Amino acid sequence: MGERLETLKKARDRMIEDRDAHAKVLAAPFVRDTAERARNKFVEIQALIDALDRAIKGENLVPVTN
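Residues numbered from 1 in each chain as written. Predicted model: local features only at pLDDT ≥ 70, side-chain atom pairs only at ≥ 80, totals over all residues. Heavy atoms only, no water.

## Quick word on the packing of helix α1 (residues 3–27) against helix α2 (residues 32–61)
- It is the contact of α1 with α2, at a shortest axis distance of 9 Å, that shows an interaxial angle of 160°. Considering the angle they form, α1 stands roughly antiparallel to α2. Taken as a pair, α1 and α2 cross one another with a handedness that is left-handed.
- For the contact of α1 with α2, the per-class residue count stands at 17 nonpolar, four polar and nine charged. (Axes fitted to C-alpha atoms, helices over the stretch in contact; angles between N-to-C directions. Helix = DSSP H or I, 4+ residues; strand = E, 2+ residues; numbered from the N terminus. Parallel < 35°, antiparallel > 145°, perpendicular 65-115°, else oblique. Left-handed = near helix turned anticlockwise from the far one by under 90°. Nonpolar A, V, L, I, M, F, W, Y, C, P; charged D, E, K, R; others polar.)

## Some remarks on the nonpolar core
- In this structure, Leu5, Leu8, Met15, Ile16, Ile45, Ile49, Leu52 and Ile56 together form the largest nonpolar core, which totals eight residues.
- For this core, the secondary structure elements donating two or more residues are α1 and α2. (Core = buried A, V, L, I, M, F, W, Y, C linked by side-chain atoms within 4.5 Å. Buried < 20%, exposed > 50% of the residue type's maximum accessible area, 1.4 Å probe, protein only.)

What follows is the structure, encoded as structure tokens:
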């Protein structure tokens, strides 16, 4: 696995951990201010995860040259 692909996968894993933390806040009893911030961060992080998924997919399509 290339170094670039490995870096992208590590970044994706870290963002999933961050997203999960915000999901836990959203699943907790409702506190308006906290829930709004968690929701916004969740959406922002999910967009980043989607972008990382596209980048990983793109890396898998690039032929390996020796």
